[in-house]
Amino acid sequence: MGILNYEIGGNEVKQDAMEGIADIPQNRTMFIGQLTSEEPVSPEAVDNMKTIEDVYAVFQPNVDVEFENEEGEPVRENFRFSNTADFQVKKMTENSSFLNNLSVQKEFYEKLVKQLRTNKVLQRALENQESRQAMVDALTQLQKELNQFSAR
């Protein structure tokens, strides 16, 4: 029978037969899916892959994504994944020029809204029609100068 283990009070504690096999922790999720846009021509078994990095190196997952810009024109980009971290929003934004430009615009508009809400001098300037128009004229002139500078 083996050695019996007893708890306080003399109750027998039976050992499970599967103690040598560790269960997958409950806070983990395993996701398996196709990470390329093309269907495999002939699926094959690949041996000797010991790590996740090995899987990425062998299969080189990538996907073509189509975005739509402000004018409604399609913008196509290819996302390549070399490790699990490449699926994070921050990493995908860094690897995409389109998403990176959107992120920069978002940050600019968030800072602008913050200034409009908290800057008392700016709020007073926008209340008066003449000072508001002078501000618009100054920003328009600044835009022209920046466009000329960037064209050089």
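Residues numbered from 1 in each chain as written. Predicted model: local features only at pLDDT ≥ 70, side-chain atom pairs only at ≥ 80, totals over all residues. Heavy atoms only, no water.

So, about the packing of helix H4 (residues 120–127) against helix H5 (residues 129–151). The contact between H4 and H5 brings their axes to 5 Å, and the two run at 110°. Viewed along their axes, H4 and H5 adopt a mutual orientation that is roughly perpendicular. Here Leu122, Arg124, Ala125, Leu126 and Glu127 of H4 come into contact with H5, specifically with Gln129, Ser131, Arg132 and Met135. A per-class count over the contact of H4 with H5 returns four nonpolar, two polar and three charged. (Axes fitted to C-alpha atoms, helices over the stretch in contact; angles between N-to-C directions. Helix = DSSP H or I, 4+ residues; strand = E, 2+ residues; numbered from the N terminus. Parallel < 35°, antiparallel > 145°, perpendicular 65-115°, else oblique. Contact = heavy atoms within 4.5 Å. Nonpolar A, V, L, I, M, F, W, Y, C, P; charged D, E, K, R; others polar.)

For the pair helix H3 (residues 97–118) and H4, the least separation of the axes is 6 Å and the interaxial angle reads 85°. What the angle tells us is that H3 and H4 run roughly perpendicular. Contacts between H3 and H4 pair Gln115, Leu116, Arg117 and Thr118 from the former with Lys120, Leu122, Gln123 and Leu126 from the latter. In terms of residue class, the contact of H3 with H4 is made up of three nonpolar, three polar and two charged.

Under the criterion given, the structure shown has four aromatic pairs. Judged by centre distance (4.2 Å) and plane angle (5°), the rings of phenylalanine 81 and phenylalanine 87 are stacked. Residue phenylalanine 81 is classed as buried on the basis of its relative accessible area of 7%. Since its relative accessible area comes to 34%, phenylalanine 87 is described here as partly exposed. Centre to centre, the rings of phenylalanine 108 and tyrosine 109 are 5.4 Å apart; their planes meet at 65°, and the pair counts as edge-to-face. An aromatic cluster is built from Phe67, Phe79 and Phe98, whose rings are joined through pairwise contacts. (Phe/Tyr/Trp six-rings, centres within 6.5 Å; stacked < 30°, edge-to-face > 60°. Buried < 20%, exposed > 50% of the residue type's maximum accessible area, 1.4 Å probe, protein only.)

Let's shift gears to the side chain of serine 96. Along the polypeptide, serine 96 turns up in the loop between helix H2 (89–95) and H3. Engagement of the side chain of serine 96 in a polar contact is seen with the side chain of glutamate 77, the distance being 2.3 Å. Setting aside residues no more than four positions away along its own chain, serine 96 makes contact with Phe67, Glu77 and Phe79. (Polar contact = N/O pair within 3.5 Å; in protein donor to acceptor, adjacent residues only side chain to side chain.)

Both strand S3 (residues 62–68) and strand S4 (residues 74–80) contribute to a ladder of seven bridges, which runs antiparallel. Considered in S4, the bridge of phenylalanine 67 is made with valine 75. Linking two consecutive strands that pair antiparallel, namely S3 and S4, is a turn of five residues; a positive phi of about 85° is found at glycine 72 within it. (Pairing = 2+ DSSP bridges.)

Let us look at the nonpolar core. One finds Tyr56, Phe67, Phe79, Phe81 and Phe98 forming the largest nonpolar core, which totals five residues. With near-sequence residues (within four places) excluded, tyrosine 56 lies in contact with Pro61, Phe81, Ser82, Asn83, Thr84 and Phe87. (Core = buried A, V, L, I, M, F, W, Y, C linked by side-chain atoms within 4.5 Å.)

This brings us to the pattern of salt bridges. As a working rule, side chains carrying opposite charge can pair if their charged atoms are close by. Considering all chains together, one arrives at two salt bridges under this definition. For arginine 76, the salt bridge is made with glutamate 66, and the minimal N-O distance between the two is 3.2 Å. Taken together, the residues arginine 76 in strand S4 and glutamate 66 in strand S3 connect sequence positions 10 residues apart. Judged by its relative accessible area of 66%, arginine 76 is exposed. Classification of glutamate 66 by relative accessible area gives partly exposed; the value is 48%. The salt bridge partner of lysine 106 is glutamate 110, with a shortest N-O separation of 3.2 Å. In this pair, lysine 106 and glutamate 110 are both assigned in helix H3, four residues apart and thus about one turn of the helix distant. On the basis of relative accessibility, which here comes to 45%, the residue glutamate 110 falls in the partly exposed class. (Salt bridge = Lys/Arg side-chain N within 4 Å of Asp/Glu carboxyl O.)

What is shown is where atoms sit, not what they do.
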